[in-house]
Amino acid sequence: MAEAGRTDSLEALRRENERLEFALAGSQLALWDADLAAMKVHLSSHWKRMLGEPAEVSMLTFPDLAALVPAPDLEQIRRSYLRAVKGEAPEYRVVHRVRRADGTWMWIESHGKVFARSPEGRALRMVGTNMDATERELAKQELAAQERELRTVSDNMPALLALYDLEMRYLYVNRRFCTFYGVEAESILGKTLEEVFGAAAREEVAPHFKRALGGERAEYERIIHRDGKRRRLEVLLLPAQDESGKVFGCYALATDITHREAAERALRESEERFRGLVELSSDWYWEQDEHFRFTRVEGVPSGRFVGNPLLLLGKTRWDLGHSNVTPEQWAEHKALLERHEPFKDFLAIIQDERGEVMSARLISGHPVFDANGCFTGYRGIGHEVTERVRAERALVQARAKAEAANRARGEYLAVMSHEIRTPINGVIGLGQLLLDTSLNAQQRGYVQTIVRSAQGLSQLLSDVVDYAKIEAGKIDLAPAELDLAAVVDETVALFAATAADKGLELIVHYAADCPRYVVGDAGRVQQVLSNLVSNAIKFTERGEVCVRVESGFEYWGSARLRIEVQDTGIGIEPDAVQGLFQPYSQAGLPPAAR
């Protein structure tokens, strides 16, 4: 008899699963029902379809399912399962990989709850769903890889890199910065420059930061003392802007140029012909004849040119093929040389076949004349800026990647909003089916709460999609004839239970002179009204929330209607009203209560 009863129970269970699978047919969810005592799982036909096999209902043992999962993922499945069956967690939820029929791996999000326990509390039955989460997980992996790549670029820059906000608060520092100052990034992030280095340091750099935070490029040098040594830094400040071009901070790129001081001091002590170049600064020295061919090159390390620096002798500057100089710029530079005029900070860059910067120099020179006033050539210096050019290019590339990541975020947001809506619709459908069954008052209240919450979450997802559309400039209205009074009543009714729970009176006043049937976008009206009513209830502890619809005027078939929500809550301070239509903020509450 016991066996017959068990058979009848299993048959009833299968019929129930068929009904649930029918309800979830359009949701792309695979339903599963686990007999924990027998260690068997009944899986809907969509499970086979997800694995790339013919769709059919299947019954698998726990070991059969474990064979489809890679070993590294089994432990997290086991932990989540044990917590659910022991009652330590309200549900079983885990994202893991599964091997498809063709041998490839897919990601699934598995979610379930214990539906039956023995009198002793032992879990007997668990029911849940599996959802294909492959696209979402791959997108997360790609985003994480991009973030690691950006971090690798900045951490391996030879320069010190920091990002400050408008209050000169540290938002980011690279590894070179931490090494130079002997600090840990975690110890200074979120602190101001004054808090880290003192008021004197802040006063010294404040004018330069003011320029950068005002949208200008700023360069300056600083003398600091570290470990008993005097160090000289060359600092470049660049404004940091968001997508709209608004400055939200600045980047600081600092290069230790202490070694250059020694070179300048040695230059001042050198022979007379070098004394005229002191004011131009120097890293290396060069001379050219009247045909602009190099006749002398000194102080150039071999690593800055391909091959021996002496190979420059006898060549002109344009023979070197600087990649950054256009034919028009060469023509202008040659014309200047033909006029025997001095020049300063002519940028010359040499790249390899991959486009990597091998050498970058700011070249300055002045014409040389003999005792009779005849032109004999040029003499000048080359200021090495290879590291700075590389850093600037790396910064541009990092910014481009960050912008690409931000665009990907918007696309990802729209896709995920669509994907998340699928299981939510399944919850709503399942809840509505449960409402059609025999339930006691308490159970019906629970199910109604579930349905309302899922509907609210669905509306929230619509808001998220609209946010993405607004960012893309693609928000549209869908005007159609609608019963405005019904739209208002239906919207307010969604919050009746919430208001009742707080002891609030929820009132709708639709003026008699207001037209009932109008042309408009019912979804947008409901969306805006829902947000206003939800906020009113949220910030009202006692009293009432009243929704009023009034008519301003009506003229030749057109009417201006005013929908307002009034509550007896905390209100908004007058000085906070200006921020209502700014990026997200809350007024009227201390930060801890928002």
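Our structure's up above, just so we're on the same page.
Residues numbered from 1 in each chain as written. Predicted model: local features only at pLDDT ≥ 70, side-chain atom pairs only at ≥ 80, totals over all residues. Heavy atoms only, no water.

Quick look at helix α5 (residues 134-155)
Okay, step 1: Over its 22 residues, α5 runs 31 Å from end to end, which matches the ideal 32 Å to within 8%, given 1.5 Å per residue.
Okay, step 2: Looking at α5, one finds that the buried residues are T134, R136, E137, S154 and D155. (Helix = DSSP H or I, 4+ residues; strand = E, 2+ residues; numbered from the N terminus. Expected span 1.5 Å × (residues − 1). Buried < 20%, exposed > 50% of the residue type's maximum accessible area, 1.4 Å probe, protein only.)

Overview of the nonpolar core
Okay, step 1: Ranked by size, the top nonpolar core spans 26 residues in total, and within it Y164, Y170, V173, F177, L193, F209 and L237 carry the most contacts.
Okay, step 2: Contributing elements (two or more residues each) for this core: β7 (160-165), β8 (170-173), α6 (175-181), α7 (185-188), α9 (199-213), β9 (218-226), β10 (229-241) and β11 (247-256).
Okay, step 3: If sequence neighbours within four positions are ignored, L237 has contacts with H208, F209, A212, E216, R217, A218, Y220, Y251 and A252.
Okay, step 4: Listed in part, the 22 residues of the second largest apolar core include A30, L43, I77 and A84. (Core = buried A, V, L, I, M, F, W, Y, C linked by side-chain atoms within 4.5 Å. Contact = heavy atoms within 4.5 Å.)

Looking at the pairing of strand β4 (residues 92-99)
Okay, step 1: Taking every second residue as pointing to the same face, the buried face of β4 carries Y92, V94, H96 and V98, while none of R93, V95, R97 and R99 on the other face is buried.
Okay, step 2: Where β4 folds back on strand β5 (residues 105-117), the antiparallel hairpin that results is connected by 5 residues, among which G103 adopts a positive phi of roughly 90 degrees. (Pairing = 2+ DSSP bridges.)

With respect to the pattern of salt bridges
Okay, step 1: Going through the model one piece at a time under the given rule, you end up with 28 salt bridges.
Okay, step 2: Across the pair R169 and E167 runs a salt bridge, and its minimum N-O distance is 2.7 Å.
Okay, step 3: Exposure remark for R169: the relative accessible area of 25% places this residue in the partly exposed category.
Okay, step 4: Its relative accessible area of 52% is what places E167 among the exposed residues.
Okay, step 5: Across the pair R524 and D521 runs a salt bridge, and its minimum N-O distance is 4.0 Å. Of the two residues, R524 and D521, both sit in the buried class. (Salt bridge = Lys/Arg side-chain N within 4 Å of Asp/Glu carboxyl O.)

Some points on the sheet that holds β5
Okay, step 1: Pairing within the open sheet is antiparallel, and its 6 strands lie in the order β3-β2-β1-β6-β5-β4. With one partner strand each, in any of the chains shown, β3 (58-61) and β4 form the two edges of the open sheet. When strand polarity is set aside, the average angle formed by the axes of neighbouring strands in this sheet is 25 degrees.
Okay, step 2: Judged from the 4 bridges that link them, strand β1 (residues 29-35) and strand β2 (residues 40-43) form a sheet pairing that is antiparallel. Of the residues in β2, the one forming a bridge with D35 is K40.
Okay, step 3: Seen against the sheet, helix α4 (residues 71-85) touches β4, β5 and β6 (123-132) and runs at an angle of roughly 155 degrees to β4. (Axes fitted to C-alpha atoms, helices over the stretch in contact; angles between N-to-C directions.)

Some thoughts on the pairing of β7
Okay, step 1: Here β7 lies mainly inside the structure; 6 of its 6 residues are buried.
Okay, step 2: Because side chains alternate across β7, one face comprises the buried residues L160, A162 and Y164, and the other comprises L161, L163 and D165, equally buried.
Okay, step 3: Here β7 runs beside β11; their pairing, made up of 6 bridges, is antiparallel. Note on β11: the bridge partner recorded for Y164 is C250.
Okay, step 4: One ladder, built from 3 bridges, connects β7 with β8; its direction is antiparallel. Directly across from A162, in β8, lies its bridge partner V173.
Okay, step 5: Connecting β7 to the antiparallel partner β8 that follows it, the hairpin turn spans 4 residues, and M168 within it adopts a positive phi of roughly 60 degrees.

Description of the packing of helix α14 (residues 484-493) against helix α16 (residues 522-538)
Okay, step 1: Direction vectors running N to C along α14 and α16 enclose 40 degrees, while the axes themselves pass 10 Å from each other. When the axis of α14 is compared with that of α16, the two are oblique. Once α14 is placed against α16, the crossing between them reads as right-handed. Judged by residue contacts, L484, V487, V488 and T491 of α14 engage A522, V525, Q526, L529 and S530 from α16.
Okay, step 2: Looking at the contact of α14 with α16 residue by residue, the class counts come to 6 nonpolar, 3 polar and no charged. (Parallel < 35°, antiparallel > 145°, perpendicular 65-115°, else oblique. Left-handed = near helix turned anticlockwise from the far one by under 90°. Nonpolar A, V, L, I, M, F, W, Y, C, P; charged D, E, K, R; others polar.)

Some words on unusual backbone geometry
Okay, step 1: In the Ramachandran plot, M168 falls in the positive-phi region, its phi being about 60 degrees despite a non-glycine side chain.
Okay, step 2: Along the polypeptide, M168 turns up in the loop between β7 and β8.
Okay, step 3: Of the residues examined, M168 reaches a relative accessible area of 5% and is grouped as buried.
Okay, step 4: In the Ramachandran plot, F292 falls in the positive-phi region, its phi being about 65 degrees despite a non-glycine side chain.
Okay, step 5: For F292, the position within the fold is in the loop between β12 (284-288) and β13 (294-298).
Okay, step 6: For F292, a relative accessible area of 6% translates into the label buried.

With respect to the sheet that holds β9
Okay, step 1: What the 5 strands build is an open sheet, ordered β8-β7-β11-β10-β9; its pairing is antiparallel. Only two strands of the sheet have a single neighbouring strand rather than two, namely β8 and β9. Direction aside, neighbouring strands of the sheet carry axes that sit 25 degrees apart on average.
Okay, step 2: Sheet topology note: the β9/β10 ladder contains 9 bridges and is antiparallel. In the strand pairing of β10, R222 is matched with L233.
Okay, step 3: Along the sheet face, α9 touches β7, β9, β10 and β11 and points at about 160 degrees away from the line of β9.

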